[in-house]
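Here are the chains, one letter per residue:
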Amino acid sequence: MTVSYFNEMYDGGAVRDLYAALEGWTRSMPAELRQMKQAEAEDLFRRIGITFAVYGEGGDPDRLIPFDMLPRVFSQTEWRRLERGIKQRARALNAFLVDVYGRGEIIRAGRIPAHLVYGNEAYEKAVTGFMPPKGVYSHVVGIDLVRTGPEDFFVLEDNCRTPSGVSYMLENREIMMRMFPALFRENRIEPVEAYPELLRRTLASVAPARCDGEPTVVILTPGHFNSAYYEHSFLADLMGVELVEGPDLFVESGLVWMRTTEGPKRVDVIYRRIDDAFLDPLCFRPESMLGVPGLMDVYRAGGVAICSAPGAGVADDKAVYTYVPEMIRFYLGEEPILQNVPTWQCARPDDRGHVLDNLGDLVVKEVHGSGGYGMLVGPKSTKAQIAAFADQIRENPGNYIAQPTLALSTCPSFVAEGVAPRHVDLRPYCLVGEKIELVPGGLTRVALTEGSLVVNSSQGGGVKDTWVLAE
Amino acid sequence: MKLSVSHHTTYRYDSPIRVAVQSLRITPSVFDGQSILDWEIAVEGGQKGAGFRDGAGDWIESWSLRGPADHVTVTVNGTVETTDLSGLLRGHREAVNPGVYLRDTPATRADAALSALARAVEATEPLARAHALSAAVADAIAYRPGATEAHTTAAEALALGEGVCQDHAHALIGAARVLGLPARYASGYLFASEDGSPHEAAHAWAEIRIEGLGWVGFDPANRCCPDDRYVRVGSGYDAHDAAPIRGIARGLGVERLEVTVAVQQAQQ
């Protein structure tokens, strides 16, 4: 079976207008210069220390993720539509979270099964009935998108907790601008560097009502052994806020305090990059040493804001994902601008039958899995692998969902033999506070292995700069 | 009935602690069968922090204490007016959807034996079924203080055939969830009169959600539903989740716990 893929640069033999300048640029670059620049880029990445695995995929934390110097380009028209779709989705996901921790109208209306929400491990009983400041649960929504045609974008998954990778978006741009300043003079590229300031403003906007004056924002990290520690310190630096670990904070008289050389300082907003389970040993996992004892009591009494709000994970579960278009209709009264990938739930007998009969054509994922592990890509698997996976599905059907193999678009990429099309995806980072904001860009991941559809860095994926051209 | 409660908990450390933080779920619930006349919580040398009512309707209060200290004492004194509602938790304000209480925890998870016990119950009408489950648990687990420990699971207590109120409650919760009935752990106090019923002034039982009635308490340990001798304090998935005192102390000391609880009929 021959599948045709949408090539974002070439329409048949002709270069799309959008890429005209870049095409000329790649053509005019001698192989030697390209190799030199490639080495320079790697050197820069290594020097700044950005070697962590994207999205906590595990793997060697010191391994450099390949950087592809050939940028991906979106037109203003394409981006505006994506932007509307992403913001729409971020609004609906937050409305869903407020609802399921409140009255549960969407469940009463029969639009989503109760057990998917209330029986979900990510549903936190501890925060039911609690309304976070400004009614926001997910303050940074990372939405993973793939493209299959000129107008066809699909949402692969939503990330409502603490999506990582935004430092790559910023560093990719920074390094491109440093190495190829002429490119940025000759093309009108929308800037992304406002992201850290927008993030800071978003976080400050959800400070609890009792906070008077300028809110104190901190980033709470599990520590330097965490694979995304670089990103935590990078963001703290650019935002001009403190990077803290659990023991740097303490709870007293109904507030959260940070130890400083000038004595305790009140903390109003915590951008936490640690999971719910580790936030507070008095409320969640008692053995956790990473969190702050008593934090959840202060939070629930309105003394501090936690971003993302504990419990936000119930919105980005892969089984709940199926219902996001329904959320958009239910809460916003709108039709989804961005489509979901059709998804079969192996927990449903009819769906399961279809999945087991068509494993060779499908991609099967674990409901709670991430990073491309525990995943079957049917068309790329052997009969034995498929048979083994079928057994796993029969054994624990509720743990799996399946989707058609999408014909992911390709972008030209620099490879050993020159320039060749490689499959890509996109993660933009939508900020939700008093306002909803999105910088024009995101992180493009590229499957650098020829023919591969898996863009995860643990499986040979790389990253590239993502341009949105100004009008 | 007017009941007065006096509850002292002391954590002693063999070397001083630097700091302690506590989350106390130790204030009586408010519902049609119960009202608070007076209630006072004090942590010796401590500072009161956040206080709020959570989604389950429980009042939670935080305290912190700066060391060095060789002990932490939590003192609770109060009076509660109770009415016998035959176990019904009528008029209790809470936001948690009952479906949440279908979730298992390690302490309540049913093994084959507990599932079999649940499935052997013949009654089909929900309330009769819950009563039968409670009776079956009481029959299967004899009351014997000291037979089990704080970490004993429902399945372990059932295998042992002995336990205390915590084990009875865990087993009943696990059994109810097997039958698809939302169930939870309730902690509180019991006024044990001199009629020979087991004396456990700090007490626990199970609540089962019955369609049309709401939450109903069942106490297998005493083969009854909570009445006006019971003071309900808090709830959770299991004993750990419903714990009246959750605390953490930073220091190197080894902790020793002393608890005294007295529940008396208040003078008119």
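Since the structure is predicted, the reported quantities are computational estimates derived from the model, not experimental observations.

*Asks:* Got a minute to help me understand the environment of Ile143(A) in this structure?
*Replies:* All names here are of chain A. With respect to the element layout, Ile143 can be found in strand S4 (residues 140–147). What makes Ile143 buried here is the crowd of 28 C-beta atoms within 10 Å. Measuring from C-alpha to C-alpha, the distance between Ile143 and Pro421 comes to 24 Å, with 278 residues separating the pair along the chain. Excluding residues within four positions of it along the chain, Ile143 makes contact with Ile86, Arg89, Val155, Asp158, Arg427, Pro428 and Cys430.

*Asks:* Explain the domain arrangement of chain A to me, please; I cannot follow it from the model alone.
*Replies:* For an interface, size is often stated in terms of accessible area lost upon the parts coming together. Looking at the assigned domains, one finds that chain A contains domain 1 (10–337 + 407–468) and domain 2 (342–404). Distance from the C-alpha centre of domain 1 of chain A to the C-alpha centre of domain 2 of chain A: 27 Å.

*Asks:* Help me out: how do you make sense of the interface of chain B and chain A in this one?
*Replies:* Taken together, the 21 residues of chain B in the interface contact 24 residues of chain A. Broken down by secondary-structure element, the contributors of at least two residues to the side of chain B that touches chain A are strand S1 (2–24), strand S3 (47–53), strand S4 (59–82) and strand S11 (245–251) of chain B. For the side of chain B that touches chain A, the element with the most residues is S3(B), which contributes five residues. Counted by class, the side of chain B that touches chain A contains nine nonpolar, nine polar and three charged residues.

*Asks:* When you look at the sheet that holds strand S12 (residues 305–307) of chain A in this model, what are you seeing that I'm missing?
*Replies:* All names here are of chain A. Across the sheet, four strands lie side by side as S7-S6-S11-S12; this open sheet has parallel pairing. Unpaired on one side and paired on the other, strand S7 (242–244) and S12 mark the two borders of the sheet. Between one strand axis and the next, the sheet turns through 25 degrees on average, direction left out of account. Inspection of the sheet shows strand S6 (residues 217–220) paired to S7 by three bridges, in the parallel sense. In the sheet register, Ile219 faces S7, and the bridge partner there is Leu243. Sheet strands touched by helix H9 (residues 229–239): S6 and S7. Its angle to S7, the strand with the most contacts, is close to 150 degrees.

*Asks:* Before we go on, may I ask you to explain the domain arrangement of chain B in this structure?
*Replies:* Residues and elements named next belong to chain B. Taken as a whole, chain B is organised into domain 1 (2–81 + 244–265) and domain 2 (85–236). Relative to domain 2, the C-alpha centre of domain 1 lies at a distance of 24 Å. Facing 21 residues of domain 1, the contacting portion of domain 2 comprises 20 residues. Sorting the residues of the side of domain 1 that touches domain 2 by element identifies S1 and strand S12 (255–265) as the ones contributing at least two each. Considering each element in turn, the side of domain 1 that touches domain 2 owes the most residues, four residues, to S12. Taken together, the residues of the side of domain 1 that touches domain 2 break down into 11 nonpolar, seven polar and three charged.

*Asks:* What is the right way to look at the packing of helix H2 (residues 31–48) of chain A against helix H6 (residues 166–179) of chain A in this model?
*Replies:* Angle between the axes and distance between the axes are the two parameters that describe a pair of packed helices. Residue and element names in this part refer to chain A. Close contact between H2 and H6 brings their axes to 11 Å; oriented N to C, the two are set at 135 degrees. As judged from the angle between their axes, H2 and H6 are oblique. The handedness of the crossing between H2 and H6 is right-handed. Residues Lys37, Glu40, Ala41, Leu44, Phe45 and Ile48 of H2 form the contact with H6, whose own contacting residues are Glu171, Ile175 and Met179.

*Asks:* Quick question: what am I supposed to make of the pairing of strand S20 (residues 429–432) of chain A here?
*Replies:* Along any regular strand, the residues point their side chains to alternate faces of the sheet. Residues and elements named next belong to chain A. Neither face of S20 is exposed, since Tyr429 and Leu431 on one face and Cys430 and Val432 on the opposite face are all buried. The pairing of S4 with S20 spans three bridges and is classified as antiparallel. Paired with Val140 across the two strands is Leu431, which belongs to S20. Here three bridges tie S20 to strand S21 (residues 436–438), and the two strands are oriented antiparallel to one another. Residue Val432 lies in a different strand from S21, and its bridge partner there is Ile436. As consecutive antiparallel partners, S20 and S21 are separated by three residues.

*Asks:* So what exactly am I meant to see when it comes to the pairing of S4(B) here?
*Replies:* Residues and elements named next belong to chain B. Relative to S4, S1 runs antiparallel, the two sharing 18 bridges. Counted as the bridge partner of Ala20 is Leu65 from S4. Both strand S2 (residues 34–43) and S4 contribute to a ladder of nine bridges, which runs antiparallel. Residue pairing across strands places Asp38 opposite Thr79, the latter belonging to S4. Strand direction decides the pairing type here: S3 and S4, joined by five bridges, are antiparallel. Bridging from a neighbouring strand, Arg53 pairs with Trp59 of S4. Hairpin connection between S3 and S4: a loop of five residues separates the two successive antiparallel strands, and Gly57 in this loop has a positive phi of roughly 95 degrees.

*Asks:* How do you make sense of the sheet that holds strand S10 (residues 265–267) of chain A when you look at a structure like this?
*Replies:* Two modes of strand pairing occur in sheets, parallel and antiparallel, and in both the strands are linked by backbone hydrogen bonds. Residues and elements named next belong to chain A. The strand order across the open sheet built from three strands is S8-S9-S10, with neighbouring strands paired in antiparallel fashion. Strand pairing shows two members of the sheet lacking a second neighbour, strand S8 (249–252) and S10, which therefore form its edges. Looking at each pair of strands side by side, their axes are set apart by 45 degrees on average, direction ignored. In this sheet, strand S9 (residues 255–258) lies alongside S8 in antiparallel orientation, the contact comprising four bridges. When the bridges of S9 are listed, Val251 appears paired with Val256.

*Asks:* For this particular structure, what's the right way to read the nonpolar core?
*Replies:* In globular proteins that are soluble, nonpolar side chains generally tend to be buried together. With 206 residues, the main nonpolar core has Leu172(B) and Ala175(B) as its most contacted residues. Element by element, the count of residues in this core is highest for helix H3 (residues 76–100) of chain A, at 10 residues. With near-sequence residues (within four places) excluded, Ala175(B) lies in contact with Ala110(B), Leu114(B), Leu117(B), Ala118(B), Leu133(B) and Val137(B).

*Asks:* Would you mind going over the environment of Ala201(B) with me for this structure?
*Replies:* All names here are of chain B. Among the secondary structure elements, Ala201 is positioned in the loop between strand S7 (183–190) and strand S8 (202–210). Put simply, Ala201 and Ala69 are 132 residues apart on the chain and 29 Å apart in space, counted from C-alpha to C-alpha. Those residues in contact with Ala201 that lie beyond four places of it in its chain are Tyr189, Leu190, Ala192, Val261, Ala262 and Val263.

Calculation rules
- Residues numbered from 1 in each chain as written.
- Chains lettered and ligands numbered in written order.
- Predicted model: local features only at pLDDT ≥ 70, side-chain atom pairs only at ≥ 80, totals over all residues.
- Helix = DSSP H or I, 4+ residues; strand = E, 2+ residues; numbered from the N terminus.
- Buried ≥ 20, exposed ≤ 12 C-beta atoms within 10 Å, placed from the backbone.
- Contact = placed C-beta atoms within 7 Å.
- Domains from an automatic or database assignment.
- Nonpolar A, V, L, I, M, F, W, Y, C, P; charged D, E, K, R; others polar.
- Pairing = 2+ DSSP bridges.
- Axes fitted to C-alpha atoms, helices over the stretch in contact; angles between N-to-C directions.
- Parallel < 35°, antiparallel > 145°, perpendicular 65-115°, else oblique.
- Left-handed = near helix turned anticlockwise from the far one by under 90°.
- Core = buried A, V, L, I, M, F, W, Y, C linked by C-beta atoms within 7 Å.

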